[in-house]
Amino acid sequence: MEWWVSMPKIELHAHLNGSIRDSTLLELARVLGEKGIIVFSDVEHVIMKNDRSLGEVFKLFDLIHILTTDHKTVTRITKEVVEDFASENVVYIELRTTPKKNDSIGMSKRSYMEAVVEGLRAVTSVDVDFVPHNFSTQDSLNPIVMNDACDGTKRKKIYVRLLLSIDRRETTEAAMETVKLALELRDLGVVGIDLSGNPVVGEWNTFLPALTFAQEQGLYITLHCGEVPNRKEVLPMLDFLPQRIGHAIFFEEEEWRQLKTSKIPVEICLTSNIKTESISSIDIHHFVDLYNAKHPLVLCTDDAGVFSTSLSNEYNIASAAFGLGKREMFELAQNGIDFIFAGDEVKQDLVEIFDLAAKKLN
Ligand code: 6MZ
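Residues numbered from 1 in each chain as written. Predicted model: local features only at pLDDT ≥ 70, side-chain atom pairs only at ≥ 80, totals over all residues. Heavy atoms only, no water.

Trainee: Hey, could you go over the site of the ligand for me, with residue numbers and the actual values?
Mentor: Around the ligand sit 19 residues in total, of which His-65, Thr-97, Thr-98, Lys-100 and Asp-303 are the nearest. In this structure, His-15 approaches the ligand through a side-chain N or O atom, which is 3.0 Å from an oxygen atom. Asp-302 places a side-chain nitrogen or oxygen 3.3 Å from a nitrogen atom of the ligand. Isolated, the ligand exposes 510 Å² of accessible area, and the fraction of that covered by the protein chains is 100%. Sort the elements by how many residues they give to the shell around the ligand and helix α4 (residues 54-68) lands first, with 4 residues. The residue makeup of the shell around the ligand, split by class, is 5 nonpolar, 9 polar and 5 charged. (Near = heavy atom within 4 Å. Polar contact = N/O pair within 3.5 Å; in protein donor to acceptor, adjacent residues only side chain to side chain. Areas by Shrake-Rupley, 256 points an atom, 1.4 Å probe, with all protein chains shown as cover. Helix = DSSP H or I, 4+ residues; strand = E, 2+ residues; numbered from the N terminus. Nonpolar A, V, L, I, M, F, W, Y, C, P; charged D, E, K, R; others polar.)

Now the structure itself:
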């Protein structure tokens, strides 16, 4: 594992509320248990359960959201999630989250996102670069300027960019509200939109107006595509030409053909696919076919907390299951630079980070 941890990595598919430490969830559950809002022992059992069907995963998210949806907790989990990824040498992460509204505690989608950004500012273990360089001002607190620690050694740095998720339970209007918010928050590192949520809920046409608007406004788009069989959706999603798609599991022959022709990069989440039994066994995972076809791919965690994994673990699993060596895996991670939603300056810096690491690791 040590090598996979020490290697620089890029995470492009991580849901904030799916990436929370179990210890934090249990602590939050205990507090709500003491207040009599939940029954702790019931919830503890659900949090610690290992294998879950896809349907059970979405029930768990409803529970997690009860535990986490207040401003202070959103700030805390954001800080912890970024620190956890940074501690395993993730050098660039696009963290996605669904902006939430909860009138009873005065939470709007905007204030939810402000709490997320507060979490990025609260990270102490590593320098966080989240303000796009074209938005940062000379006197802003853009942490890139604090890159040198007091003792003269370089501090570790992680780039964080944000994607706002549209939940498939949402209406066209709610989806549009999220897109407008993303546009307003571009100067705080929001670079794109994700369509996610329970794949058996909702219809593509509901989200299309908001996604089209987002695309017209220059936001990047990634779609959960083919997580369950859905012949009505996969081709229209590919026709939409998102910048990336997630999962791509249940594709028919024609859909594979179109995906490969389009060269849309695929975010691959191995542990998630296996644990939810979307794929029965790792040796028949479509990673192999796409990798052999040199299709653009990036390994991701999906929900590191919910599926008890880490990005280093995903690299370890892929290497062992598909017989790929350290050099191939390093290249796979490095290729991710091409698919990120940040600007050329960030890409150039990542190229240098990987070049330097290649020299050190060889
Ligand atoms: C589809 C998923 C997902 O947004 O509250 N989410 N959507 N497929 C998946 N595969 C397992 N895993 C997570 O993070 C949790 C939300 O992300 C989406 C779901 O909408 C879930 O409620 P946030 O931070």
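Here the narrative resumes.
Trainee: With reference to specific residues and values, describe the pattern of salt bridges.
Mentor: Note on pairing: side chains with opposite charge can pair once their charged atoms come close. Scanning the entire structure with this criterion turns up 25 salt bridges. A salt bridge links Asp-194 to Arg-96; the shortest N-O distance between them is 2.8 Å. Taken together, the residues span a long stretch of sequence, with Asp-194 in strand β5 (residues 190-196) and Arg-96 in strand β2 (residues 90-97) at a distance of 98 residues. Each member of the pair, Asp-194 as well as Arg-96, carries the same accessibility label: buried. If you follow the salt bridges from partner to partner, you end up with Arg-21, Glu-27, Arg-76, Glu-80 and Asp-84 in one network. (Salt bridge = Lys/Arg side-chain N within 4 Å of Asp/Glu carboxyl O. Buried < 20%, exposed > 50% of the residue type's maximum accessible area, 1.4 Å probe, protein only.)

Trainee: Could you give an account of the packing of helix α2 (residues 22-34) against helix α5 (residues 71-87), with specific residues and numbers?
Mentor: How two helices pack is summed up by the angle between their axes together with the distance between the axes. The N-to-C vectors of α2 and α5 enclose an angle of 165°; their axes lie 11 Å apart at closest approach. When the axes of α2 and α5 are compared, the pair comes out roughly antiparallel. The crossing of α2 and α5 is right-handed. Of the residues in α5, those in contact with Thr-24, Glu-27 and Leu-28 of α2 are Thr-73, Arg-76, Ile-77 and Glu-80. Its residues assigned to classes, the contact of α2 with α5 comprises 2 nonpolar, 2 polar and 3 charged. (Axes fitted to C-alpha atoms, helices over the stretch in contact; angles between N-to-C directions. Parallel < 35°, antiparallel > 145°, perpendicular 65-115°, else oblique. Left-handed = near helix turned anticlockwise from the far one by under 90°. Contact = heavy atoms within 4.5 Å.)

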